[in-house]
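# Topology and contacts: notes
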Amino acid sequence: EQAPKNTPSGVAIITQECIFGLPLVTMARMTVWGNAMKKFSTKADSVFRYPFRSVLNALIFCLTLAISLYLAFAPLLKFQKSNLWTTDGVNQHYPNLYFFHEWMSDFLANISQGPEQWSWSLGLGADVISTLSWPIIGDPFALISIFFQADRLETASVYMFFARLFAAGVISYFLMRKIGANALGATMGTLIYVFTAFTFFQTMKHAYFANVLVFLPLVFWGIERLLRDRKPALLVMAVCLTAYSNF
């Protein structure tokens, strides 16, 4: 299929065959990688002691997650495609990201004047914050786009997508460690959590929905800290961040 004319260059049309085929390829690749990391982790546990072992396990996990993400979405990287969908992705998400990028750039260039509150380019004219609070302004990962030029926002959207999944994995790992899982169990549990059908089917089309994969374990982690350690700070922060992001 050919992308519509108003589609940014390089945008892939996400088909159901691609979405449902990726998990099978990912599962096969991750099985081989998981067996190798299990042997390495076992040898490392016999050499390093706590807390060095905990730090090493966390580093091994981050490496495992990064390689798993690369293997899972290798087709996108190999063929230089993005996961912008041809309907909402091109008609809504990408224009919102472009507007946010320009809006933040103008604000950072003139901080003393404050951000623009009203824009005539939104429909027939609308309030900026209330109009874009749900799809983009409330998304903390949208700040990544600031570090890209306007003509590279398609690439920025891919980095934002991977950043969400990586953050979801890291938070899930520490949550599972908090509730008593060992390093291998936390690693495998996190990979199962991150690479679900929801990730391949929904977040591939609506990358913003991947935020819920980040906030859910963060709230649970905050609850665990409150119940076990009587420390409410993380839970308060997690709930505020979730509410700010409209979830």
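For clarity, every value in this text was computed on a predicted model and none was experimentally measured.

Taken together, L216, F220, I223 and L227 make up a surface patch of nonpolar side chains, about 350 Å² in accessible area. As for its placement among the helices and strands, L216 is situated in helix 9 (residues 211-229). For L216, a relative accessible area of 41% corresponds to the partly exposed category.

Relative orientation of the contacting elements helix 6 (residues 153-178) and helix 7 (residues 183-194) amounts to 140 degrees, with a least axis distance of 9 Å. On the basis of the axis angle, helix 6 is oblique to helix 7. Relative to helix 7, the crossing made by helix 6 is right-handed. Contacts between helix 6 and helix 7 involve L165, A168, G169, S172, Y173, M176 and R177 from the former and A183, G185, A186, T187, G189, T190, Y193 and V194 from the latter.

The topology assignment puts S145 in the loop between helix 5 (128-137) and helix 6. With a relative accessible area of 0%, S145 lands in the buried category. Setting aside residues up to four positions removed in sequence, S145 forms contacts with L97, F100, H101, L153, A156 and M160.

Below, the discussion takes up the packing of aromatic side chains. Scanning the model with the defined rule gives 13 aromatic pairs in all. Put simply, the rings of F73, F161, F162, F195 and F200 touch in pairs and so form one group of aromatic residues. The aromatic ring of F201 is capped on one face by K205, whose charged end is 4.1 Å from the ring centroid.

What follows covers the nonpolar core. Counting residues in each nonpolar core, the largest one holds 36 residues, and the members touching the most others are L65, L69, F73, F161, L165, F195 and V214. Secondary structure elements with two or more residues in this core: helix 2 (52-72), helix 6, helix 7, helix 9 and helix 10 (233-244). If one sorts the elements of this core by residue count, helix 6 sits on top with 10 residues. Residue contacts for F73: discarding those within four places in its chain leaves F161, F162, L165, F195, T199, F200 and M204.

Compared with an ideal rise of 1.5 Å per residue, which puts 26 residues at 38 Å, helix 6 spans 37 Å between its outermost C-alpha atoms and is within 8% of the ideal. The positive-phi residue at the C-terminal boundary of helix 6 is G180, with phi of around 110 degrees.

On to the pattern of salt bridges, then. When charged atoms on two side chains of opposite charge get close, those side chains can pair. Applying the stated criterion across every chain, the model contains three salt bridges. Residue K178 is joined to D229 by a salt bridge in which the shortest nitrogen-to-oxygen separation is 2.5 Å. Linking K178 in helix 6 with D229 in helix 9, this pair joins segments that are 51 residues apart in sequence. On the basis of relative accessible area, K178 is assigned to the partly exposed category, the value being 24%.

Rules and cut-offs
Residues numbered from 1 in each chain as written. Predicted model: local features only at pLDDT ≥ 70, side-chain atom pairs only at ≥ 80, totals over all residues. Heavy atoms only, no water. Patch = residues over 30% accessible without salt bridge, like charges linked within 9 Å, V, L, I, M, F, W, Y side chains within 5 Å. Areas by Shrake-Rupley, 256 points an atom, 1.4 Å probe, with all protein chains shown as cover. Salt bridge = Lys/Arg side-chain N within 4 Å of Asp/Glu carboxyl O. Helix = DSSP H or I, 4+ residues; strand = E, 2+ residues; numbered from the N terminus. Buried < 20%, exposed > 50% of the residue type's maximum accessible area, 1.4 Å probe, protein only. Axes fitted to C-alpha atoms, helices over the stretch in contact; angles between N-to-C directions. Parallel < 35°, antiparallel > 145°, perpendicular 65-115°, else oblique. Left-handed = near helix turned anticlockwise from the far one by under 90°. Contact = heavy atoms within 4.5 Å. Phe/Tyr/Trp six-rings, centres within 6.5 Å; stacked < 30°, edge-to-face > 60°. Lys NZ or Arg CZ within 6 Å of the ring centre and 35° of its normal. Core = buried A, V, L, I, M, F, W, Y, C linked by side-chain atoms within 4.5 Å. Expected span 1.5 Å × (residues − 1).

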